[in-house]
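# Examination of the molecular architecture
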Amino acid sequence: MVEKTEKIWMDGEFIDWEDAKVHILTHTLHYGLGVFEGIRCYETPEGPAIFRLGEHVDRLFDSAKIFLIEIPFTKEEISNAIIETVRVNKMRACYIRPIVYIGYGAMGLYPKDNPIRVAIAVWPWGAYLGEEGLTKGIRIKTSSFIRNHVNSNMSRGKVCGYYVTSQLAKKEAISCGYDEALLLDTEGYVSECSGENIFIVRSDRIKTTPLTSILEGITRDSVITIARDMGIPLIEERFTRDEVYIAEEVFLTGTAAEITPVREVDGRVIGNGSPGTITRRLQETFFRIVKGQEPRYQHWLTYI
Ligand code: PPE
């Protein structure tokens, strides 16, 4: 169960957690067109700080633009509402979920005048793939479901309905005893996991999938920046599942998953079966950054 907090911001007002409800004919509930974000706020010596707030709000508006949804608030209003939601709930560290959805009105696929509604909830969320996953690595399985074609699920948007495929893949992986699913794209190349981007390391060189058929992850971008700043060679290039099998290190990135090492893929042990050196260096630096301990990346933090 999600851990309750006090207030949820809905369309400009704070509502008690228990009362944050919608009508059953809410359009998004039936047809899946809504856009959302997942953001984390971390505890720092200077108080709570939201990680890359501006980039997340930009992506929310980009997702809405792609789907011709007009958000009835400005970026500044949404950013302030996110900050206020963390503040009123007195959160030190939390996950933040803004969602823009099509409200109650007409039914049918063309919701011409239905209201566009916005909500922001926060809750404490620990390690997404388990504390042990963060330290020891997880086991992933290539899914029998493929990531939707880029002209079905346009990959720059973070859209509710896209997660139907992710859920199928995740359920399949878990039912086979794995922790997470790796989806291939329509051409058979590695794309991303159900809710994370993927990186591999071979011969001290990092490789991640290009932005063709994946969500433009903000953690992915952070890792690319950190790796380049550390002088570790990194390329964005397509790769196949067998290249993942023979990689020395594999790790996943996402707001929820943070940087999670992978220790096994489809029954093949990665490296020596524990997180590799580069993965650990990136992970340690990432956690120092989000906790406000790396002056160079202070601009990624919005203090409450
Ligand atoms: N790919 C997908 C499909 C995805 O859902 C996410 C985030 C990412 C990549 C990484 O993006 P970013 O968070 O910007 O680094 N997945 C979110 C949903 C998790 C959930 O279960 O809900 C997240 O991590 O917040």
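See the structure above.
Residues numbered from 1 in each chain as written. Predicted model: local features only at pLDDT ≥ 70, side-chain atom pairs only at ≥ 80, totals over all residues. Heavy atoms only, no water.

## A closer look at the site of the ligand
Just so we agree on the cut-off: We call a residue near a molecule or strand as soon as one heavy atom of that residue lies within 4 Å of the molecule or strand. Two N or O atoms form a polar contact when they lie within 3.5 Å of each other; inside protein one atom must be a possible hydrogen donor and the other a possible acceptor, and for residues adjacent in sequence the pair counts only when both atoms belong to side chains. Only the protein chains shown count as cover for residues, and the accessible areas themselves come from Shrake-Rupley with a 1.4 Å probe. Residues are grouped as follows: nonpolar covers Ala, Val, Leu, Ile, Met, Phe, Trp, Tyr, Cys and Pro; charged covers Asp, Glu, Lys and Arg; every other residue, Gly included, is treated as polar.
Near the ligand you find 20 residues, and of these Tyr 95, Tyr 128, Tyr 163, Thr 219 and Thr 255 are the closest. Here a nitrogen atom of the ligand sits 3.3 Å away from a polar atom, N or O, in the side chain of Lys 158. Note that an oxygen atom of the ligand is positioned 2.5 Å from one of the side-chain N or O atoms of Thr 219. Look at the ligand: alone it shows 550 Å² of surface, and the protein chains cover 91% of it. The residue inventory of the shell around the ligand, partitioned by class, reads six nonpolar, nine polar and five charged.

## A look at the pairing of strand β8 (residues 138-142)
Filter applied, for reference: We call a residue buried when its accessible area falls under 20% of the maximum for its residue type, exposed when it is over 50%, and partly exposed in between, using a 1.4 Å probe and counting protein chains only. Put simply, DSSP marks the helices as runs of H or I at least four residues long and the strands as runs of E at least two long, and each gets a number from the N terminus on. Each pair of strands is called paired provided DSSP finds at least two bridges between the two strands. With the strands aimed away from the viewer, a crossover counts as right-handed if its path from the first strand over the helix to the second runs clockwise.
With four of its five residues buried, β8 lies for the most part within the structure. Pairing geometry for β8 and strand β15 (residues 258-265), over three bridges, is parallel. Each bridged residue has a counterpart across the sheet, and for Ile 140 the counterpart in β15 is Val 265. For β8 and strand β9 (residues 180-184), the ladder comprises three bridges, and the chain directions are parallel. Across the sheet, the residue bridging to Thr 142 is Leu 182, located in β9. Remark: the β8/helix α5 (residues 163-175)/β9 crossover connection has right-handed handedness.

## Comments concerning the pattern of salt bridges
Inclusion rule: One speaks of a salt bridge when a side-chain nitrogen belonging to Lys or Arg is within 4 Å of a carboxyl oxygen belonging to Asp or Glu.
Applying the stated criterion across every chain, the model contains 24 salt bridges. Note that Glu 216 and Arg 156 form a salt bridge whose closest N and O atoms lie 3.4 Å from each other. Note that Glu 216 is positioned in the loop between β12 (205-208) and α6 (218-229) and Arg 156 in the loop between β8 and α5, a separation of 60 residues in sequence. Owing to a relative accessible area of 29%, Arg 156 belongs among the partly exposed residues under this scheme. Residue Glu 294 is joined to Arg 288 by a salt bridge in which the shortest nitrogen-to-oxygen separation is 2.7 Å.

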